[in-house]
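Chain and residue survey
Single-letter residue listing:
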Amino acid sequence: MPATPAEPQPLPRSLVPLPDETLPGFILRLSHRLDQSPGQLMRLAGLTNSANPSNAAPVRHLLMLQPAPLETFASLTRLTPEEAQALTLSRFSGRDPAVTELLQRPGGNQHSRMTVPPWLLLNSSRYCPRCLAGDGTDVQNRHGGPWKLQWRLATVFACLEHGILLEHLCPACHYPPFGNHGREKRRLLVSAIGEAGLHPAQCRNGVVAERGAQTCGGRLDTATARPLRPELASLQTKILDVLESGTELTAAASISDLQITAAIVAGTWPLSAVHAPFDLPPALDALLDRRNAIRADVRWDAPLGDAELTAALLAAADALRVQPRAVFWQNLNRILPAAVPQSSGHWGQTWTRLREQCSPTFRLDVEHSAANRIPKPPRKRQPKPFADPPLPVGQHGFLPEHIPQRLPTSWMRILFDHGAQESWQDSVNVRFRRTAAVDLIRAATGVSFPEAARFLGISASRVHRHDSWLSTTTRHYPRRRDHQKALTEAFAVLAQHIVRTTEEPANYHHRRLQLALWHLPADEWHTILTQLPPVDGDHSTDPGRDVHLGASAHIWSTITGSEWGLAPCFEPPLTKNPILISPGWSQHAALDHIHNPAGNRFWGILRKILDEYTQQLAQKIDASIA
């Protein structure tokens with residue numbers, strides 16, 4: 001077995017991350033402090049693929065640090081794994097639709113080809129000159145202020161702290177920072193990685209000069225600031241409240257609604273201009289007129305490069321979207337018929353994202369107004385449609401966020417005692433339990449079956465694998481009228497039980513969002529190991545990786561009210577390949593031992609420690625709602 005390479009020693013000096021700082025920005029500031037090139041620091045941190053000096057770090061690390069580079073980077077820079085991961089965009093997973101699309105929560109895979117959604121700026125960054133100039137402290141006077149994570153989200157167009165619009169071009173070379181202009185075409189975490197001595201606020205684009213290709217070096221912290229008008233400041237505040245709020249259960253859908261409306265405004269210009277809440281910049285009017293006249297390689301689902309123009313477009317979209325529902329329909333019916341057919345490539349992914357990411361009410365309103373102009377999905381073999389939920393859609397006294405993905409046994413017993421077929425307790429019990437949870441969400445919200453399943457943290461791929469994940473019997477329920485009536489009554493009794501017995505119900509949806517990319521950190525697992533007796537008489541207290549994974553899954557499933565197999569520690573991006581949890585597999589055996597210690601001293605002590613850890617973590621997550 002090959003020897004594991006030694007971990008690099010922690011750096012003699014490091015930096016404390018600044019609020020909202022990005023991973024590339026932290027690397028630039030730290031390498032500037034150490035008087036090293038960013039490439040040297042990234043190779044030590046395990047962010048590059050090899051020791052080749054010209055091999056740069058891929059931009060995917062900005063989305064999320066996977067376990068191995070996360071541990072190495074945190075150790076090298078003297079950060080905790082949580083502090084290191086906070087430098088990535090993963091904290092917006094579940095809130096920003098573009099980040100969520102690339103980091104699909106449990107059961108999803110990170111896109112192999114990294115097709116970047118248009119409203120995510122992975123290839124560049126906006127910036128606030130005054131933030132980059134620093135706040136006057138010694139460390140920021142020397143190494144500059146933060147490159148912020150928010151600036152990578154195209155819905156963020158302003159710095160509210162300084163009351164100015166963000167910039168998107170270097171004033172010297174007139175290309176976007178972090179755009180790797182003039183160099184290789186790969187998406188990189190940091191460009192010009194071999195150059196030491198550049199200030200973090202200097203542009204690293206490649207330019208052609210008299211002496212040949214060289215680095216731009218223009219100072220971004222001296223760019224002229226453009227004032228932010230109050231109306232745009234209010235809009236930016238509203239958008240940031242949605243993005244940053246830990247209690248906004250529909251954040252990604254709300255941002256998607258705004259982005260889709262912006263695409264409709266851009267695609268129906270100038271008819272849609274009348275909905276702007278103030279006089280728009282002449283440049284926006286001219287740009288949209290010119291784009292819609294040329295209509296070559298134009299995508300209306302993408303933001304405009306300039307922050308002021310993007311802000312004006314979003315303001316017009318927001319003014320259209322927040323109108324009363326009847327007025328919204330009326331205005332859509334007026335402007336959409338004048339647009340090019342929705343099958344046109346100029347709409348990009350507008351209609352696909354409308355179906356998959358937007359809130360149900362907004363989607364229905366737009367589809368209703370667009371009538372038959374929205375293209376139908378490609379013809380594929382489609383599963384039979386899902387039946388209506390046994391419980392009619394309406395107010396039943398419980399909220400969807402209070403429904404666990406894996407219904408408690410006591411809840412299932414109520415269904416079986418009041419009308420569910422007893423035969424379902426055998427071979428299809430698991431599938432029926434899954435379906436029942438989804439149908440409780442449908443009854444409370446009116447969303448579709450796949451949407452309700454995704455709300456519970458079940459990936460779309462699992463929902464559509466009907467044969468393995470949902471049985472035909474339980475998808476359609478019994479066809480006999482008396483059985484259907486009995487099942488409806490059973491769900492009604494369960495709904496009453498949920499309301500009556502859960503005075504302070506857990507917010508399972510909030511817990512799932514908070515733990516969407518969670519696994520038991522290595523340092524905390526090692527602390528747990530020090531409290532355990534030897535394994536089965538062995539001198540070692542380390543039971544191995546499978547038990548570590550099992551402990552992660554046990555904690556996660558207990559807090560989120562979900563099945564073991566949906567735990568993110570078994571799925572990419574936390575693992576290279578999905579890990580199947582089935583009886584007879586080592587990971588399943590470890591989970592079985594943890595779940596049922598059966599008098600074994602080692603497993604009993606481990607279970608007690610994990611229960612205490614679980615309780616503390618759940619309390620911490622629930623407290624974050626307040």
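Our subject is the structure that appears above.
Procedures and definitions
Residues numbered from 1 in each chain as written. Predicted model: local features only at pLDDT ≥ 70, side-chain atom pairs only at ≥ 80, totals over all residues. Heavy atoms only, no water. Helix = DSSP H or I, 4+ residues; strand = E, 2+ residues; numbered from the N terminus. Buried < 20%, exposed > 50% of the residue type's maximum accessible area, 1.4 Å probe, protein only. Contact = heavy atoms within 4.5 Å. Areas by Shrake-Rupley, 256 points an atom, 1.4 Å probe, with all protein chains shown as cover. 1 Å grid on protein atoms, 1.4 Å probe; cavity = no way out; pocket = protein on both sides within 12 Å on 5 of 7 lines; lining within 4 Å. Points joined across faces, edges and corners; volume = space filled by probe spheres on them. Nonpolar A, V, L, I, M, F, W, Y, C, P; charged D, E, K, R; others polar. Phe/Tyr/Trp six-rings, centres within 6.5 Å; stacked < 30°, edge-to-face > 60°. Lys NZ or Arg CZ within 6 Å of the ring centre and 35° of its normal. Salt bridge = Lys/Arg side-chain N within 4 Å of Asp/Glu carboxyl O. Core = buried A, V, L, I, M, F, W, Y, C linked by side-chain atoms within 4.5 Å. Arc of directions from axis to C-beta. Axes fitted to C-alpha atoms, helices over the stretch in contact; angles between N-to-C directions. Left-handed = near helix turned anticlockwise from the far one by under 90°. Disulfide = S-S within 2.5 Å. Patch = residues over 30% accessible without salt bridge, like charges linked within 9 Å, V, L, I, M, F, W, Y side chains within 5 Å. Lys, Arg positive; Asp, Glu negative; His and termini not counted. Charge placed at Lys NZ, Arg CZ, Asp CG, Glu CD.

Attention now moves to the overall build of the chain. Across its full length, the chain holds 27 helices and four strands. When each of the 626 residues of the chain is scored for burial, the buried share is 54%. Put simply, of all contacts in the chain between residues at least 6 apart along the chain, 71% involve residues at least 24 apart. With an accessible surface of roughly 28,600 Å², the chain has 52% of that area assigned to carbon and sulfur atoms.

Evaluation of the coordinates by the stated rule reveals six cavities of 30 Å³ or more. The computed volume of the largest cavity comes to approximately 130 Å³. Elements represented by at least two residues in the lining of the largest cavity include exactly helix H6 (97-102), helix H10 (251-267) and helix H14 (350-357). In terms of residue class, the lining of the largest cavity is made up of six nonpolar, five polar and three charged. For the second largest cavity, the calculated volume is near 80 Å³.

Okay, the packing of aromatic side chains next. Applying the stated criterion across every chain yields a total of nine aromatic pairs. Relative to Trp347, the ring of Trp300 has its centre 5.0 Å away and its plane inclined at 75°; by these criteria the two rings are edge-to-face. With Trp300 in the loop between helix H11 (282-294) and helix H12 (307-321) and Trp347 in the loop between helix H13 (325-335) and H14, the pair connects residues that are 47 residues apart, well separated along the chain. Clustering of aromatic rings is evident, with ring pairs tying together Tyr127, Trp147, Trp151 and Phe178. Cation over ring: Arg152 sits above Phe178, and NZ or CZ is 4.9 Å from the ring centre.

According to the stated counting rule, one finds 19 salt bridges in the structure shown. One salt bridge in this structure joins Glu21 and Arg29, with 2.6 Å as the shortest N-O distance. The exposure class of Glu21 is buried, given its relative accessible area of 1%. By relative accessible area, Arg29 is classed as buried at 1%. Where Lys238 meets Asp318, a salt bridge forms, and the shortest distance between an N and an O atom there is 2.8 Å. With Lys238 in helix H9 (residues 230-244) and Asp318 in helix H12, this residue pair connects regions lying 80 residues apart in the sequence. Overall, the relative accessible area of 37% leaves Lys238 in the partly exposed class. With relative accessibility at 10%, the residue Asp318 sits in the buried group. Salt bridges sharing common partners tie together Glu101, Arg299, Asp301 and Arg353.

Turning our attention to the side chain of Thr77. Of note, Thr77 is situated in helix H4 (residues 67-77). When its relative accessible area of 0% is taken as the criterion, Thr77 is described as buried. Setting aside anything within four residues of it in sequence, one finds Thr77 in contact with Ser14, Phe26 and Leu30.

Moving on: the nonpolar core. Ranked by size, the top nonpolar core spans 112 residues in total, and within it Phe73, Leu89, Leu120 and Phe157 carry the most contacts. Residues in contact with Leu89, not counting those within four places in the same chain, are Leu62, Leu63, Val99, Leu120, Leu122, Leu149, Arg152 and Leu153.

As a further point, take the side chain of Asp306. Along the chain, Asp306 falls in the loop between H11 and H12. Its relative accessible area of 16% is what places Asp306 among the buried residues.

For helix H15 (residues 360-370), the complete set of buried residues consists of Phe362, Arg363, Asp365, Val366, Ser369 and Ala370. Take H15 and look down its axis: the buried residues cluster within an arc of 165°, on one side only.

Looking now at the environment of Phe491. Turning to its location among the elements, Phe491 is positioned in helix H22 (residues 481-501). A relative accessible area of 0% places Phe491 in the buried class. Separated by 80 residues in sequence, Phe491 and Trp411 place their C-alpha atoms 9.7 Å apart.

Viewed as axis vectors pointing N to C, H13 and H15 meet at an angle of 40°, and their least axial separation amounts to 9 Å. Note that H13 runs across H15; the crossing there is right-handed. Of the residues in H15, those in contact with Arg325, Phe328, Trp329, Leu332 and Asn333 of H13 are Thr361, Phe362, Asp365, Val366 and Ser369. Among the residues making up the contact of H13 with H15, the classes are represented as five nonpolar, three polar and two charged.

Buried within H14 we find Thr350, Trp351, Arg353, Leu354 and Gln357. Taken end-on, H14 shows its buried residues confined to a sector of 165°, consistent with a single buried face.

Turning our attention to the state of the cysteines. Applying the stated rule across the entire model yields zero disulfides. Lacking any disulfide linkage, Cys159 is separated from the closest cysteine sulfur, that of Cys131, by 3.7 Å. What makes Cys159 buried here is its relative accessible area of 5%. You can see Cys203 has no disulfide; the closest cysteine sulfur is in Cys173, sitting 3.8 Å from it.

Here we come to a negative patch on the surface. Together, Glu71, Glu82, Glu83 and Asp523 make up a negatively charged patch on the protein surface. The partly exposed category is assigned to Asp523, whose relative accessible area is 42%.

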